[in-house]
Amino acid sequence: MVQNQRTPSQHNSTLFISPVINNRRQDLFITPPNPPTTLFDTPGSNHSSFFNLEKSNLHEEQKQVHDVEPLTQAEKLRLWRHDALMQHHYTTAEYIGDKVLALTDDPNDAFWLAQVYFNSGNYLRAKHLLTSKPEFEKSVSCRYLAAYCLLKLELWDDALDLIGESNPFRKDDNYQVRNSDGGIKLEASMCYLRGLIYANQNNFEKAKESYKEAVLVDVKCYEAFNELISNNLMTPSEEWAFITSLNYRDADDNDELIKLLYTTNLSKYLNVQKFEEAENILKDEYDLGENCDILLSKADYLYVQCNFDECLATYEKILSKDPYNFNVLPNYLSCLHELGGKNKLFLKAHQLAENHPNNPMTWLSIGVYYLSINKIIEARKFFSKATLLNPNFGHAWIGFAHTFAAEGEHEQAISAYAFAARLFPGSHLPNLFLGMQHLQMNNLNLSEEYLIVSSQICNSDPLVLNEIGVINFYKNDLMKAELYFQEALGAAKHLNSDSKIWISIHANLGHVFRKGNRPYKALECFNQVLKISHTNDSNILSAMGLIYLKLGNVFKAIDTLHDALAISPSDPVASDLLKRALESNKTNSSLFLTHTSDKLLELNMPTLQYRSRKNKSKSSQHLADITTSNNKLMTPINNKTKNLPNAPRRDDVLPDSFTSRDYSDSVEAGDVNSVAHDLRKGEESSDEDDEVMDIESD
């Protein structure tokens, strides 16, 4: 039997045993010097030097140097089998591959025949072939593919037993051993496979370590790198520390390019300048500015900044080039939900359901659409279906939790958010949502713990800072609450002016000023919210009504609370405040009238007795003399009408301390001269004169 004596080690890739590469001339794929104009002619043409190498216009000395022995029978069969596999002629590849293996009994030929079975979905047959002989099991490539077959069969424990719970080659300290064939080291691929197994066993910590080791072994193992980044298995600081520890020399001349590309994939919460620098170099020096992956990184940066308008435009630009790019969809759907793009959500969900009915991303998009039109039960059903198709689909778990949170089912929401937190340990969002749910349940200490964990991952998210400020507000630590809200406003300065987050932070800051007895700054915040949101909020109007009531501007309070009830007629806070405002207005008016009449009668009694002894002219002169001696107390009767005394105009603002009780106390503490002066002022009005003269005549 003819055997190929070479089998790949853990330092090689499958290119090492590829029949296209193996036993070929080293310069087969090197452009010859001064190529003829026919080099890139149509494939299959009679004069193409690429497909007719024996007719290519090479120098005679090159032909002599590169003369090789003719291919053997087994090599020709291998090329036939390999080309059939590349063209997806699986029946041909299976038929010829079986004959090659019968002729050679080589583990490499067993590997390629198993590849045919694997690509046609016959995983059990492939695994059986790869483990049928001890010499096959000893091959690293065969063991890797056999473990992958078991993973496809969801036999996690069996797959882990086959490749080991840890890297068996780690003791060789081979991270610095370079790969000579230019492919991905099989050792790195096995580490990646080990990470997939651990992830499916919900052991995410070991999965993270396996993925990291795969990229450390070979930086070209992008599968493992993508699992780390897309699933947020590392915090932003861990990501940036990890990328500096990679050995980019494995990428040969592409080391700078790979480092720049990997940098653009990292979290945008840290080192924004480095991301922008890498993006500019890729645009200017590598002409990759319009590449979909570079645009996707830019869109993710805009999404983190909550710049949803520009973010959506960038995502749509990517989808116009690649309509079926599933990496775009999670944040694209979120942008549409934030901006109220219900029609676009419906269209995208319909397209995905028609073309990809078995993809979990399809059911995620349908769930987001139903959530956007407030059909919570339907949304929950589709989010649930997405999690059934992919139990580790974190975005679907978060959407599933949102449906419970929208209905106030806090316990179920917390359970779903907690599982999402396990799936995305490097993302701050699940912990943020957990903190928000516990805050609504009034579990302040537990809520604060989750929010602190979230802020440790990302301390620049204004929503996190806002929620911590809310907790301090409820703890009555107004100074600390104001500090967090101000910091949140600083973090949100690049957001859209009508952003919900910005409006919420400003409203909360207004409540801090209101509770801290700074009513005018509170009114300034609330008016800013109403101005920017372009709509009236009953809660904001109720708070403003309360402030006006505390300031004593009862009519303004009543007017504002009426506006609040016009928006939300069943608002209990606005109803209660309006009732109190009306009662306060009625009580104050009655008290002012009663106390003023009583005091006027009491103060005029000595005058009436004096007039019984003197004539009216002397009494009037005496009264005039008294009014000039003291002018300390001004009368509350400041309107020249017969309306109630001290009835405020709609635009009056009175101090909190000024009440009818305070007025009566002041009158009792004053002297007769002051009141007499006030009475004289009243003589300027003919109506008031009549009233006084009536008392006097009595």
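For every chain, the first residue of the written sequence is number 1, and numbering continues from 1 onward in sequence order. Local features are withheld for residues below a pLDDT of 70 in this predicted model, meaning they are given only at 70 or higher, and side-chain atom pairs are given and counted only at 80 or more; totals for whole chains, interfaces and linings count all residues. Computation of side-chain values covers all heavy atoms of the structure but excludes hydrogens and water.

## Brief notes about the overall build of the chain
Moving on, step 1. Looking only at helices and strands, the chain features 35 helices and 0 strands.
Moving on, step 2. Buried residues are those whose accessible area, probed at 1.4 Å on protein chains only, stays under 20% of the maximum for their type, while exposed residues exceed 50% and partly exposed ones sit between those limits. Per-residue burial over the chain gives 45% buried out of 698 residues.
Moving on, step 3. Should any heavy atoms of two residues lie within 4.5 Å, those residues are counted as being in contact. Taking the contacts inside the chain whose residues are at least 6 apart along the sequence as the reference set, 58% of them involve residues at least 24 apart.
Moving on, step 4. Only the protein chains shown count as covering a residue, and every accessible area follows the Shrake-Rupley method with a 1.4 Å probe. Counting every atom, the chain has about 37100 Å² of accessible surface; 51% of that belongs to carbon and sulfur. A run of H or I in DSSP becomes a helix once it reaches four residues, and a run of E becomes a strand once it reaches two; helices and strands are each numbered from the N terminus.

## Considerations on the side chain of Ser267
Moving on, step 1. In this fold, Ser267 is placed in the loop between helix 13 (255-265) and helix 14 (272-284).
Moving on, step 2. Of the polar contacts made by the side chain of Ser267, one reaches the backbone nitrogen of Tyr269; its length is 3.3 Å.
Moving on, step 3. Not counting residues up to four positions away in its chain, the partners in contact with Ser267 are Pro236, Glu239 and Trp240. Within 3.5 Å is the distance limit for a polar contact, defined as a pair of N or O atoms, with the added protein rule that one can donate a hydrogen and the other accept it, and that residues adjacent in sequence qualify only through two side-chain atoms.

## Some remarks on the confidence of the model for the chain
Moving on, step 1. You can read pLDDT as the predictor saying how much it trusts each residue, on a scale of 0 to 100. With 74% of its residues at a pLDDT of 70 or more, the chain has an overall mean of 78.
Moving on, step 2. The model gives residues 25-65 a pLDDT under 50, and that stretch makes 28 contacts with residues more than four places away or in other chains.
Moving on, step 3. Across residues 595-698, where pLDDT falls below 50, the model places 83 contacts with residues more than four positions away in sequence or in other chains.

## Quick notes on the nonpolar core
Moving on, step 1. Counting residues in each nonpolar core, the largest one holds 102 residues, and the members touching the most others are Tyr315, Tyr332, Leu364, Tyr417 and Met544.
Moving on, step 2. When sequence neighbours within four positions are dropped, the list of residues in contact with Met544 reads Leu523, Phe526, Asn527, Leu530 and Thr560.
Moving on, step 3. Ranked by size, the runner-up nonpolar core spans 64 residues in total, among them Phe136, Cys142, Ala207 and Phe242. Definition of nonpolar core: a set of buried residues of the types Ala, Val, Leu, Ile, Met, Phe, Trp, Tyr and Cys, connected through side-chain atoms within 4.5 Å.

## Let's talk about the UniProt feature "repeat: TPR" (unreviewed entry) in the chain
Moving on, step 1. The sites that UniProt annotates as "repeat: TPR" (unreviewed entry) are residues 188-221, 360-393, 503-536 and 538-571.
Moving on, step 2. Strand forms 0% of residues 360-393 and helix 79%; the C-alpha atoms that close the span are 8 Å apart.
Moving on, step 3. Structurally, residues 538-571 is divided into 82% helix and 0% strand, and its ends, taken at the C-alpha atoms, are 8 Å apart. UniProt positions are given in the numbering used here, feature names are shortened, and annotations may be inferred rather than shown by experiment.

## Points about the packing of helix 23 (residues 429-440) against helix 25 (residues 462-474)
Moving on, step 1. Helix axes are fitted to C-alpha atoms over the stretch in contact, other axes to C-alpha atoms as well, and angles between N-to-C directions run from 0 to 180 degrees. Orientation of helix 23 relative to helix 25, taken along the N-to-C sense of each, is 25°, at an axis distance of 11 Å. Comparing their axes, helix 25 and helix 23 come out roughly parallel. In the crossing of helix 23 with helix 25, the sense of the turn from one axis to the other is left-handed. Note on element contacts: helix 25 touches helix 23 through Leu463, Val464, Glu467, Val470, Ile471 and Tyr474, opposite Leu432, Met436 and Leu439.
Moving on, step 2. Ten residues, namely Ala, Val, Leu, Ile, Met, Phe, Trp, Tyr, Cys and Pro, are considered nonpolar, four, namely Asp, Glu, Lys and Arg, are considered charged, and the remaining ones, Gly among them, are considered polar. Grouping the amino acids of the contact of helix 23 with helix 25 by side-chain chemistry returns 8 nonpolar, no polar and 1 charged. Relative orientations are named as follows: roughly parallel for angles under 35 degrees, roughly antiparallel for angles over 145 degrees, roughly perpendicular for angles from 65 to 115 degrees, and oblique for any other angle. Crossing handedness: left-handed means the near helix sits turned counterclockwise from the far one by under a right angle, and right-handed means the same turn made clockwise.

## Concerning the packing of aromatic side chains
Moving on, step 1. Stacked, tilted and edge-to-face pairs are distinguished by plane angle, under 30 degrees for stacked and over 60 for edge-to-face with tilted covering the rest, among Phe, Tyr and Trp rings (Trp via its six-membered ring) whose centres lie within 6.5 Å. One pass over the full model with this rule turns up 20 aromatic pairs.
Moving on, step 2. Each ring, one from Tyr370 and one from Phe382, has its centre 5.4 Å from the other, and the planes form 10°; the classification is stacked. Of the two residues, Tyr370 sits in helix 19 (residues 360-372) while Phe382 sits in helix 20 (residues 376-389), which places them 12 residues apart along the sequence.
Moving on, step 3. Judged by its relative accessible area of 22%, Tyr370 is partly exposed.
Moving on, step 4. Judged by its relative accessible area of 15%, Phe382 falls in the buried class.
Moving on, step 5. Every member of this aromatic cluster is reached through a ring pair, and the members are Phe346, Trp363, Tyr369, Tyr370 and Phe382.
Moving on, step 6. The rule is short: NZ of Lys or CZ of Arg within 6 Å of the ring centre and within 35 degrees of the ring normal puts a charge over the ring. The ring of Phe513 has Lys521 lying over it, and the distance from NZ or CZ to the ring centre is 5.3 Å.

## Topic: the environment of Leu257
Moving on, step 1. For Leu257, the location among the structural elements is in helix 13.
Moving on, step 2. Exposure remark for Leu257: the relative accessible area of 18% places this residue in the buried category.
Moving on, step 3. On a C-alpha basis, the gap between Leu257 and Glu285 in space is 9.9 Å, while along the polypeptide they are 28 residues apart.
Moving on, step 4. Excluding its chain neighbours within four sequence positions, the residues that come into contact with Leu257 are Leu282, Tyr286 and Leu288.

## A closer look at a negative patch on the surface
Moving on, step 1. Only residues whose relative accessible area exceeds 30% and that form no salt bridge enter a patch; like-charged residues are grouped when within 9 Å of one another, and nonpolar side chains (Val, Leu, Ile, Met, Phe, Trp, Tyr) when within 5 Å. In the sections that follow, a salt bridge refers to a side-chain nitrogen of Lys or Arg positioned within 4 Å of a carboxyl oxygen of Asp or Glu. Positive charges are assigned to Lys and Arg, negative charges to Asp and Glu, while His and the chain termini are left out of the count. Working definition for charges: the position is that of NZ of Lys, CZ of Arg, CG of Asp or CD of Glu. A cluster of acidic residues, Asp253, Asp255, Glu256, Asp284 and Glu285, forms a negative patch at the surface.
Moving on, step 2. In this structure, Glu256 sits in helix 13.
Moving on, step 3. Given the relative accessible area of 41%, Glu256 is considered partly exposed.

## As for the side chain of Asn167
Moving on, step 1. Mapping Asn167 onto the fold places it in the loop between helix 8 (156-163) and helix 9 (186-200).
Moving on, step 2. Separated by 3.1 Å, the side chain of Asn167 and the backbone nitrogen of Phe169 make a polar contact.
Moving on, step 3. At a separation of 2.7 Å, a polar atom in the side chain of Asn167 contacts the side chain of Glu187.
Moving on, step 4. Not counting chain neighbours up to four residues away, the residues in contact with Asn167 comprise Glu187, Cys191, Arg194 and Glu213.

## Regarding unusual backbone geometry
Moving on, step 1. Positive phi outside glycine occurs at Asn442, with the angle close to 70°.
Moving on, step 2. Counting through the fold element by element, Asn442 comes out in the loop between helix 23 and helix 24 (444-457).
Moving on, step 3. In this model, Asn476 sits at a positive phi of 70°, which is unusual for a non-glycine residue.
Moving on, step 4. On the secondary structure map, Asn476 appears in the loop between helix 25 and helix 26 (478-491).

## Section: helix 19
Owing to its 3.6 residues per turn, the α-helix aligns residues three or four sequence positions apart on the same side.
Moving on, step 1. The end-to-end C-alpha distance of helix 19 is 19 Å, a good match for the 18 Å that 13 residues give at a rise of 1.5 Å each.
Moving on, step 2. With 12 of 13 residues buried, helix 19 lies mostly within the body of the structure.
Moving on, step 3. If you check which residues of helix 19 are buried, you get Pro360, Met361, Thr362, Trp363, Leu364, Ser365, Ile366, Gly367, Val368, Tyr369, Leu371 and Ser372.
Moving on, step 4. The elements touched by buried residues of helix 19 are helix 17 (329-339), helix 18 (342-355), helix 20 and helix 21 (394-406).
Moving on, step 5. Capping of helix 19 at its N-terminal end is provided by Asn359; its side-chain oxygen lies 2.9 Å from the backbone amide nitrogen of Met361. An expected span of 1.5 Å times one less than the residue number is assigned to each helix.

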